[in-house]
Amino acid sequence: MKNYLAFFLLLTATGASAHGPLPAVPSDLVLAGLTDSDTTAGGTARLCEQVTFSRGLRYGEAEANVLDVVTSATKADTPRPVLLFVTGDTFTGDRAAPELSRQIQDQAMCFAARNDMIGVRVNYRLAPSATWPAGATDVAAALSWIHGNIDLFNGDAREIVAVGYGAGAFHVATLLAHPELQTDRADVAGVVLVSGIYRVGKDASDSEKAYLGTDATQYDKRSVFPGILNVDVPIVLAWAADDSAGLVAQGETLKKTLCGAGHCPRSALLRSRDGIAAAFGLDGSGDSLAEPTLLLVHQLEARGLP
């Protein structure tokens, strides 16, 4: 499949630049869209100059199992770290319109590319049609795809940092906390968890019930505790000043518990969290995840993995 993918990427880039017809697509791979026409919003167009999107790459059997990859037009001499974005306002989807959500996420993807990384955004199945642990297993499948294919984009599969945002933070943390959900080559080198729910209580929202079920006796078993305490990769934990009291409590509890287990995460209090782009300060809001995330990536690069 990798040979098909490399060949198809080359043909698609050529066809898109000439605005001609796209070649036939292998039945197990979908790739659509490229460059400027995908980044017409003002802020997105500015951030996404000199980067290239490869959209709709299929990593699983479900219709939702696709991911996007963004790379810098400037070629690096060595393989680059990978920033994997797993986002979602709720377990049932984003609050914003799909196009607006994509533009906001594109900005974060381009942040990765403009900082010498490969950006990957994963789409996954949503509740109520997909329930626990579908989100985590989709992330595992996407990671397996990245390990097998990211070298085609000059990415380094040894240096994957997964950024979980909102419901995505729960899916990333769940995968780390439940070894039984981890497939072959689904490992990461570090994680960034932003404003997630890590243990649902009896006051679960409709969205949480849609994903975790209505049986509250199952919530503890489906939480990230105690498995998250055994995670040995670096963790950056963040929430925003304008998050709800419940979200802030979730982040504070996770930090306190991790610190008590001797694995204290680096933490950040964000001024604003109006979308993943705002969390990275790309809206000019100031305090953001950009600095701690880049620091984490640079530390991973400095490890000198063989």
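Please refer to the structure higher up on the page.
All of these numbers come straight from a predicted model, not from anything done at the bench. (Residues numbered from 1 in each chain as written. Predicted model: local features only at pLDDT ≥ 70, side-chain atom pairs only at ≥ 80, totals over all residues. Heavy atoms only, no water.)

Caption draft 1: Geometry of empty space enclosed by the protein. Applying the stated criterion to the full structure yields one cavity of 30 Å³ or more. In this structure, the largest cavity encloses a volume near 30 Å³. Counting residues per element, the ones that place at least two in the lining of the largest cavity are α4 (134–149) and α5 (167–177). The element contributing the most residues to the lining of the largest cavity is α5, with three residues. (1 Å grid on protein atoms, 1.4 Å probe; cavity = no way out; pocket = protein on both sides within 12 Å on 5 of 7 lines; lining within 4 Å. Points joined across faces, edges and corners; volume = space filled by probe spheres on them. Helix = DSSP H or I, 4+ residues; strand = E, 2+ residues; numbered from the N terminus.)

Caption draft 2: Quick peek at the pairing of strand β2 (residues 66–72). Most of β2 sits inside the fold, with six of its seven residues counted as buried. Bridge analysis of strand β1 (residues 51–58) against β2 gives six bridges, and the strand direction is antiparallel. The residue of β2 that forms the bridge with Leu57 is Leu67. Note that β2 and strand β4 (residues 118–122) share four bridges and pair antiparallel. Looking across to β4, one finds that Val70 is bridged to Gly119. (Buried < 20%, exposed > 50% of the residue type's maximum accessible area, 1.4 Å probe, protein only. Pairing = 2+ DSSP bridges.)

Caption draft 3: Representation of the packing of aromatic side chains within the structure. The tally for this structure, following the rule as stated, stands at five aromatic pairs. The interplanar angle of 90 degrees and the centroid separation of 5.5 Å between the aromatic rings of Phe91 and Phe170 together place this pair among those described as edge-to-face. Taken together, the residues span a long stretch of sequence, with Phe91 in the loop between β3 (80–86) and α3 (98–114) and Phe170 in helix α5 at a distance of 79 residues. An identical accessibility class is assigned to Phe91 and Phe170; each is buried. (Phe/Tyr/Trp six-rings, centres within 6.5 Å; stacked < 30°, edge-to-face > 60°.)

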